Amino acid sequence: MPEKLKLPLTGGCQCGALKYELSEPPLLSTACHCTNCQRITASAFAVTFVVREETMSYVKGAPKEVRWKADSGVTRVGYFCPDCGVRIAHAQEPSNGFYSLRAGTLDEQRLARPAAHGWLQSKAAWFTPPADDLQFDRQPADYAPIAALWRERMAAIFEL
C-alpha cells in the first residue's frame, strides 16, 4: 500500500519559478465546468481544491494577478506564474478566506479526484460526469456534502 501523505503539501508552476506549500490538506476537490474555467484552462473544465488562504504560502517567487467577473457575478482574482503563465489559484474579491487552488499544480496528484462537478449547465456536450460524483447545474449552495464525500475518498491516502 502506498505511503500516506504528510504535510506540508507542495506544488508550483510548470517552469519552477513559483512554488507553494500547504500547511493543511485541502478541504475538498471539485471540477468546474463554467465558461470562465473552460477559457482559463483551454479545456472542458478545471479541477480545483478549496484551501484556506492562511494555509497556503509561496516559498519561491511571487505570483502575478488578474481580475475578472465570474459567471456567478462575483469578482475573482487569479494568481499565476509571471514566467510561464500557469494559473496557481483563484480567490474571491473581497476575500472570503478561501482559495480555489488548481489541482494540477500540486506535486501529489492522488488528491486531485473531484468529488463534485459544478456549472454543468455549460459543460462540454461530450463529457458525462461519473455517476458517483455529486452534480450541480450551477454553483453549489452547500459545500458540506462535497467535503464529506471528498474526505471519505481521500482517507486511504491522507489522514483527513
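The structure we're discussing is the one just above.
Residues numbered from 1 in each chain as written. Predicted model: local features only at pLDDT ≥ 70, side-chain atom pairs only at ≥ 80, totals over all residues. Heavy atoms only, no water.

Caption draft 1: Summary view of the layout of surface pockets. By volume, the largest pocket amounts to about 680 Å³. Val50, Arg76, Ser100, Gln139 and Tyr143 are the residues nearest the centre of the largest pocket, which is lined by 32 residues in total. Broken down by secondary-structure element, the contributors of at least two residues to the lining of the largest pocket are strand S3 (28–32), helix H1 (35–41), strand S4 (46–52), strand S8 (87–93), strand S9 (98–102) and strand S10 (116–118). The residue inventory of the lining of the largest pocket, partitioned by class, reads 18 nonpolar, eleven polar and three charged. (1 Å grid on protein atoms, 1.4 Å probe; cavity = no way out; pocket = protein on both sides within 12 Å on 5 of 7 lines; lining within 4 Å. Points joined across faces, edges and corners; volume = space filled by probe spheres on them. Helix = DSSP H or I, 4+ residues; strand = E, 2+ residues; numbered from the N terminus. Nonpolar A, V, L, I, M, F, W, Y, C, P; charged D, E, K, R; others polar.)

Caption draft 2: Expanded view of the sheet that holds S10. Strand order in the open sheet formed by eight strands is S6-S7-S8-S9-S4-S3-S10-S11, with mixed pairing between adjacent strands. Edge positions in the sheet fall to strand S6 (64–69) and strand S11 (134–135), since each of these pairs with one other strand and no more. Pairing of S4 with S9 involves five bridges; the strand directions are antiparallel. Following the sheet pairing, Val51 is matched in S9 by Tyr99. (Pairing = 2+ DSSP bridges.)

Caption draft 3: Inspection of the packing of aromatic side chains at higher detail. Under the definition given, this model contains four aromatic pairs. On the basis of an interplanar angle of 80° and a centroid distance of 5.6 Å, the ring pair of Tyr79 and Tyr99 is categorised as edge-to-face. Placement of Tyr79 in strand S7 (residues 75–80) and of Tyr99 in strand S9 is noted, with a sequence separation of 20 residues between them. Both residues of the pair, Tyr79 and Tyr99, count as buried. Ring geometry for Trp126 versus Phe127: centroids 6.1 Å apart, planes at 90°, classification edge-to-face. One aromatic cluster is present, formed by Phe45, Trp126 and Phe127 through successive ring pairs. (Phe/Tyr/Trp six-rings, centres within 6.5 Å; stacked < 30°, edge-to-face > 60°. Buried < 20%, exposed > 50% of the residue type's maximum accessible area, 1.4 Å probe, protein only.)

Caption draft 4: Structural context of the pairing of strand S1 (residues 9–12). Sheet topology note: the S1/strand S2 (residues 19–22) ladder contains four bridges and is antiparallel. Opposite Leu9, over in S2, you have Leu22 as the bridge partner.

Caption draft 5: Looking closely at the pattern of salt bridges. The final tally for this structure, using the stated rule, is eight salt bridges. In this structure, the salt-bridge partner of Arg110 is Glu108, at a minimum N-O distance of 2.8 Å. Through salt bridges with shared partners, one network takes in Arg113, Asp132, Asp133 and Arg153. (Salt bridge = Lys/Arg side-chain N within 4 Å of Asp/Glu carboxyl O.)

Caption draft 6: Seen up close, the side chain of Arg102. You can see Arg102 is positioned in strand S9. With a relative accessible area of 7%, Arg102 lands in the buried category. Leave out the neighbours within four places in its chain, and Arg102 touches Tyr20, Cys37, Ile40, Ala46, Val47, Thr48, Arg87, Ile88 and His90. (Contact = heavy atoms within 4.5 Å.)

Caption draft 7: Up close: the side chain of Asp133. Note on placement: Asp133 falls in the loop between S10 and S11. Taking the relative accessible area as the measure of exposure, Asp133 reaches 5% and is therefore buried. Within the structure, the side chain of Asp133 is placed 3.3 Å from the side chain of Arg113, a separation counted as a polar contact. A distance of 2.7 Å separates a polar atom in the side chain of Asp133 from a polar atom in the side chain of Arg153. Setting aside chain neighbours within four positions, we find Asp133 in contact with Arg113, Pro114, Ala115, His117 and Arg153. (Polar contact = N/O pair within 3.5 Å; in protein donor to acceptor, adjacent residues only side chain to side chain.)

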